[in-house]
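Structure assessment
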Amino acid sequence: MSDRETLLKILDLARWAPSGDNSQPWRFEIVADDHIAIHGFDTRDHVLYDFEGHPSHMSHGALLETLRIAATAFGLDASWTLRPGTSDARPVYDVVLRQRSDPAADPLFPHIEPRVVQRRPMHTTPLTRMQRDALAAAPGPGYEVQFFESFAERLKVARLLWDNAYIRLTCPEAFEVHREIIEWGARYSKDRIPERAVGVDPATAKLMKWVMRSWPRVEFFNRYLLGTVPPRVQLDFLPALACAAHVLLRPRAPLADVADYVAGGVALQRLWLTATSVGLHLQPEMTPVIFRWYSRSGKSFSGVAEINERARALAGDFEALAGARESDDFVFFCRVGVSSVPASRSHRLSLAELMAEGASARS
Ligand SMILES: Cc1cc2nc3c(=O)[nH]c(=O)nc-3n(C[C@H](O)[C@H](O)[C@H](O)COP(=O)(O)O)c2cc1C
């Protein structure tokens, strides 16, 4: 039977789930010895990338799947439901725990803590058949898993990400977000992305930090000093070539509501943990997916018309690359490859800070 101590141990593991910009859009409440409530929230009011809260909904899914996997190691089955009547912006998930008949822990359990984002160039060693098959099966039957593996395909993705990064770096609304999410000078960060996990060399990081103190500085650099070139080369173009493959998750049914994005998050975490289990690192490449969400729903994300126009063109290029129609949904895009373990990573808020009772700042 479960008890509070066991539930705390499970939550302590579950909090290692990934979330966009390490936002950890969740707070935990232990309701009873067999019942946890996850209080989700999103960051759409101040984070341009959190389109209609969907990346946060995906993070909720990643958390719920991590919690489910962690529970198996304690002989428990965890099943969750979205609490009826809760809003998209603050969904509550009720997780019920029951004794498990199978004594074995889920095979993905050992990979919960070692899973980490790798933003630096990886080896180009091709995927083995075993790795590709494992990745293709990981998200389950609801998703088509599309691979871009050859040099020519990776080059096409590199070009897409090059154009994508131009949008990211010249968009004033995105600047505010980038400024908030990097913890400068840090190797670890409990609630943001530490500078050294960003993926640029120390000289570029120093320059970025200085330039990013004000938007006029960024604009000046971009306009007169080719300011977007060094970060685009280091963060987008080279990593896009330096990997084994890019992987696109395409849901077989249209994404209609919050539950579909939560399911997308379950799928992405299964893909990521599986990648870790077969010796691969992974980096999400979500911004082209997010810009496409905006474009295809006819919404603008910038006050600068040219930026929205570029995002529309990018959506078309992404569809051409994937052989998709405008109406087809994409839910997750990433690159995978063999690499050493990153020397820097995001940490997490403590369990005490994540308990709903102690959460005042964000929930
Ligand atoms: C929905 C979602 C979207 C993400 N998008 C990106 C992305 O576009 N680029 C990137 O480098 N990392 C992305 N990440 C990775 C997070 O930044 C990362 O998981 C978080 O900072 C915690 O770090 P960790 O995964 O190393 O524990 C994304 C993660 C999630 C769950």
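About the thresholds
Residues numbered from 1 in each chain as written. Predicted model: local features only at pLDDT ≥ 70, side-chain atom pairs only at ≥ 80, totals over all residues. Helix = DSSP H or I, 4+ residues; strand = E, 2+ residues; numbered from the N terminus. Rg over C-alpha atoms; globule rule 2.2 N^0.38 Å. Buried ≥ 20, exposed ≤ 12 C-beta atoms within 10 Å, placed from the backbone. Contact = placed C-beta atoms within 7 Å. Axes fitted to C-alpha atoms, helices over the stretch in contact; angles between N-to-C directions. Parallel < 35°, antiparallel > 145°, perpendicular 65-115°, else oblique. Left-handed = near helix turned anticlockwise from the far one by under 90°. Pairing = 2+ DSSP bridges. Near = placed C-beta within 6 Å. Nonpolar A, V, L, I, M, F, W, Y, C, P; charged D, E, K, R; others polar. pLDDT = per-residue confidence, 0-100. Core = buried A, V, L, I, M, F, W, Y, C linked by C-beta atoms within 7 Å. Domains from an automatic or database assignment. Expected span 1.5 Å × (residues − 1). Arc of directions from axis to C-beta.

**Structural notes on the overall build of the chain**
Helix and strand content of the chain: 12 helices and 12 strands. Scaling as 2.2 N^0.38, a compact globule of 363 residues should have a C-alpha radius of gyration of about 21 Å, and the chain matches this with 20 Å. Buried positions account for 44% of the 363 residues belonging to the chain. Taking contacts inside the chain between residues at least 6 apart in sequence as the whole, the part at least 24 apart equals 77%.

**Considering the packing of helix α1 (residues 4-14) against helix α2 (residues 54-72)**
Remark: α1 packs on α2, axes separated minimally by 8 Å, with the N-to-C direction vectors making an angle of 135°. With respect to α2, the axis of α1 lies oblique. Viewed along their axes, α1 and α2 form a crossing whose handedness is right-handed. Along the contact surface, α1 presents Ile10, Leu13 and Ala14, while α2 presents Leu63, Thr66, Leu67, Ala70 and Ala71.

**Things to note about the sheet that holds strand β11 (residues 332-337)**
What the 4 strands build is an open sheet, ordered β5-β9-β11-β10; its pairing is antiparallel. Each edge of the sheet is formed by a strand with only one pairing partner; in this case those strands are β5 (143-148) and β10 (281-284). Neighbour-to-neighbour, the strand axes of the sheet open up by a mean angle of 25°, direction not taken into account. Across 5 bridges, the pairing between strand β9 (residues 245-251) and β11 is antiparallel. In the sheet register, His246 faces β11, and the bridge partner there is Arg335. Packing against the sheet, helix α9 (residues 258-277) makes contact with β5, β9, β10 and β11, and its axis sits at approximately 150° to β9.

**Brief notes about the site of the ligand**
With respect to spatial proximity, 20 residues lie near the ligand, and among them Pro18, Asn22, Pro284, Met286 and Ser346 are the closest. Among the elements of the structure, α2, β10 and β12 (345-346) are those that each provide at least two residues to the shell around the ligand. Sorting elements by how many residues they give to the shell around the ligand places α2 first, with 4 residues. The residue makeup of the shell around the ligand, split by class, is 9 nonpolar, 7 polar and 4 charged.

**Observations regarding the confidence of the model for the chain**
The predicted model of the chain averages 94 in pLDDT, with 97% of residues at 70 or higher. For the stretch residues 358-363, pLDDT sits under 50, and the model shows 9 contacts to residues farther than four places along the chain or on other chains.

**Notes on the environment of Leu63**
Examined against the element boundaries, Leu63 turns out to sit in helix α2. In contact with Leu63, other than residues within four places in its own chain, are Ala14, Ala17, Trp26 and Ile38.

**Observations concerning the pairing of β11**
Most of β11 is tucked away: 6 of the 6 residues are buried. In β11, alternate side chains face the same way, and those of Phe332, Cys334 and Val336 on one face and Phe333, Arg335 and Gly337 on the other are all buried. The pairing of β10 with β11 spans 4 bridges and is antiparallel. Counterpart to Pro284 in the pairing with β11 is Cys334.

**Section: the nonpolar core**
The tendency in soluble globular proteins is for nonpolar side chains to be buried side by side. One finds Leu67 and Val336 to be the most contacted residues of the largest nonpolar core, which totals 82 residues. It is α9 that provides the largest number of residues to this core, a total of 11 residues. Counting residues domain by domain, this core receives three or more from each of domain 1 (4-112 + 348-358) and domain 2 (129-337).

**Description of the packing of helix α4 (residues 151-170) against helix α11 (residues 305-322)**
One way to put it is that α4 packs onto α11 with a least axis distance of 10 Å and a crossing angle of 160°. What the angle tells us is that α4 and α11 run roughly antiparallel. Crossing handedness for the pair α4 and α11: left-handed. Together, Lys156, Val157, Leu160, Asp163, Asn164, Ile167 and Thr170 of α4 and Ile307, Arg310, Ala311, Leu314, Asp317, Phe318 and Leu321 of α11 make up the contact between the two elements. Tallied by class, the residues present in the contact of α4 with α11 amount to 8 nonpolar, 2 polar and 4 charged.

**Looking at the domain arrangement of the chain**
The domains assigned to the chain are domain 1 (4-112 + 348-358) and domain 2 (129-337). Inter-centroid distance (C-alpha atoms) of domain 1 to domain 2 is 24 Å. Contact residues are listed per partner, giving 27 residues for domain 1 and 31 residues for domain 2. In terms of residue count, the dominant contributor to the side of domain 1 that touches domain 2 is α2 (11 residues).

**Points about α11**
Taking 1.5 Å as the rise per residue, α11 with 18 residues should run 26 Å; its terminal C-alpha atoms sit 26 Å apart, in good agreement. Within α11, the full set of buried residues consists of Ile307, Arg310, Ala311, Leu314, Ala315 and Phe318. The buried residues of α11 occupy an angular sector of 150° when projected down its axis, which confines them to one face. Away from its buried face, by an angle of more than 90 degrees, α11 presents the exposed residues Ala305, Glu306, Ala313 and Ala320. Close packing links the buried residues of α11 with α4 and α10 (287-296). Gly323 lies just past α11 and shows a positive phi near 65°.

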